[in-house]
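Read off the chains here:
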Amino acid sequence: MTRRRVLLLLPLLTLTACGSSGPADADELAARAASIGVDPDVVYAVSLDGFAPASQSAGVMGDAGFGVAYTAPDGRMAMLTTDPRGAADPGCVVAGDQHECVAVHDGVAVRLSAAADAVDEETLRAAVEGAHAPSADELAALFADAPDGGGAPVERGDLPSSGDGAPIDPEGAAG
């Protein structure tokens, strides 16, 4: 290959290697995590072929963890959860038709569970062992449906300003 061809291809290779799949910006990750009320240090993503995060499911898990469902077009699902206490034994367990794999990354227990017929154990184990802070593309997918507004509660309009806080049902709504 001539020197000229190499020089012409170099910018193309550089652009391909640098795409938007690099690490997510720390400030963007912090802002997105705050929008759903989680610490950015517990937000993880996994690579699971044929599955994508269902962003409407992303949210707080337990006291301080993060959770998101990964779904496949055919209806299969895997659930990713994190626990900042890291109190979990790494490995995989099978219980009935469910299996779950756990890995600890930087003190955070990352758990991936699925029905045995949805994801095989080897794939589940590889995905959880490869769990990582989200890339820019993964961050966009994880938080596509996250509210803007720093985690402020949604104004419902049917809750009374006093009393037990039960919704105000219109006359005859109960049947």
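The structure displayed is predicted, hence computed values, not measured ones.

Engineer: Would you mind going over the overall build of the chain in detail, with residue names and values included?
Structural biologist: When you go through the chain residue by residue, the secondary structure sums to 4 helices and 6 strands. Along the chain direction, N to C, the helices and strands of the chain fall in the order α-α-β-β-β-β-β-β-α-α. Counting only residues that meet the buried cut, the chain has 31% of its 175 residues in that class. Long-range contacts, defined as pairs at least 24 residues apart, comprise 50% of the intrachain contacts of the chain with a sequence gap of at least 6. Summed over its atoms, the accessible surface of the chain is roughly 10800 Å², and 54% of this surface lies on carbon and sulfur atoms.

Engineer: Now, about helix H3 (residues 121-129): what can you tell me, with residues and values included?
Structural biologist: Within H3 the residues assigned to the buried category are Leu124, Ala127 and Val128. Buried residues of H3 fall within an arc of 90° about the axis and therefore sit on the same side. Facing away from the buried side of H3 by more than 90 degrees, the exposed set consists of Glu122 and Glu129. Buried residues along H3 sit against strand E5 (98-105) and strand E6 (108-115). Taking the backbone nitrogen of Glu122 as reference, a side-chain oxygen 3.2 Å away marks Asp120 as the first, capping residue of H3.

Engineer: Could you give an account of helix H2 (residues 26-36), with specific residues and numbers?
Structural biologist: An α-helical turn contains 3.6 residues, so any two residues separated by three or four positions project in the same direction. Taken as a whole, H2 has its buried residues at Leu29, Ala33, Ser35 and Ile36. The arc that holds every buried residue of H2, seen down its axis, measures 150°, which confines them to one face. You can read the cap of H2 off the contacts: a side-chain oxygen lies 3.2 Å from the backbone nitrogen of Asp27, and it is on Asp25. Gly37 sits one or two residues past H2 and shows a positive phi near 80°.

Engineer: Describe in detail the nonpolar core, supporting the description with residues and values.
Structural biologist: Val43, Phe66, Tyr70, Leu112, Leu142 and Phe143 are the most contacted members of the largest nonpolar core, which has 36 residues in total. Elements represented by at least two residues in this core include exactly H2, strand E2 (65-71), strand E3 (77-83), E5, E6, H3 and helix H4 (136-142). Sort the elements by how many residues they give to this core and E6 lands first, with 5 residues. Dropping the residues within four chain positions of it, Leu112 is found in contact with Val46, Leu48, Ala78, Met79, Leu80, His99, Glu100, Cys101, Leu124, Ala127 and Val128.

Engineer: Can you tell me about the pairing of strand E1 (residues 52-61), naming the residues and giving the values?
Structural biologist: Of the strand pairs in this sheet, E1 and E2 are connected by 6 bridges, and their pairing is antiparallel. The partner of Val60 across the bridge, within E2, is Phe66. In textbook terms, the turn of a hairpin is the stretch between consecutive antiparallel strands, and for E1 and E2 this stretch comprises 3 residues, one of which, Gly62, has a positive phi near 70°.

Engineer: Outline the confidence of the model for the chain, listing residues and values.
Structural biologist: Residues at a pLDDT of 70 or more form 74% of the chain, whose mean pLDDT is 82. Considering each helix and strand of the chain separately, the mean pLDDT is smallest for helix H1 (residues 3-18), with a value of 37, and largest for E3, with 97. In this model, residues 1-20 is a region of pLDDT below 50 whose contacts with residues beyond four sequence positions or in other chains number 4 contacts.

Engineer: Explain the pairing of E2 to me, and be specific about the residues and the numbers.
Structural biologist: Taken across its 7 residues, E2 has 6 buried, putting it largely inside the fold. Where E2 lies against E3, 5 bridges are found, and the strand directions are antiparallel. If you follow Ala69 over to E3, its bridge partner there is Met79. With antiparallel pairing between neighbouring strands as the criterion, E2 and E3 make up a hairpin whose turn holds 5 residues, including Gly75 at a positive phi of roughly 100°.

Engineer: Could you give me a rundown of the environment of Asp25, with the residues and numbers involved?
Structural biologist: Tracing the sequence through the fold places Asp25 in the loop between H1 and H2. In this structure the C-alpha to C-alpha distance between Asp25 and Ala136, which are 111 residues apart in sequence, comes to 7.0 Å. Polar side-chain contacts of Asp25 include one of 3.2 Å to the backbone nitrogen of Asp27.

Criteria and thresholds
Residues numbered from 1 in each chain as written. Predicted model: local features only at pLDDT ≥ 70, side-chain atom pairs only at ≥ 80, totals over all residues. Heavy atoms only, no water. Helix = DSSP H or I, 4+ residues; strand = E, 2+ residues; numbered from the N terminus. Buried < 20%, exposed > 50% of the residue type's maximum accessible area, 1.4 Å probe, protein only. Contact = heavy atoms within 4.5 Å. Areas by Shrake-Rupley, 256 points an atom, 1.4 Å probe, with all protein chains shown as cover. Arc of directions from axis to C-beta. Polar contact = N/O pair within 3.5 Å; in protein donor to acceptor, adjacent residues only side chain to side chain. Core = buried A, V, L, I, M, F, W, Y, C linked by side-chain atoms within 4.5 Å. Pairing = 2+ DSSP bridges. pLDDT = per-residue confidence, 0-100.

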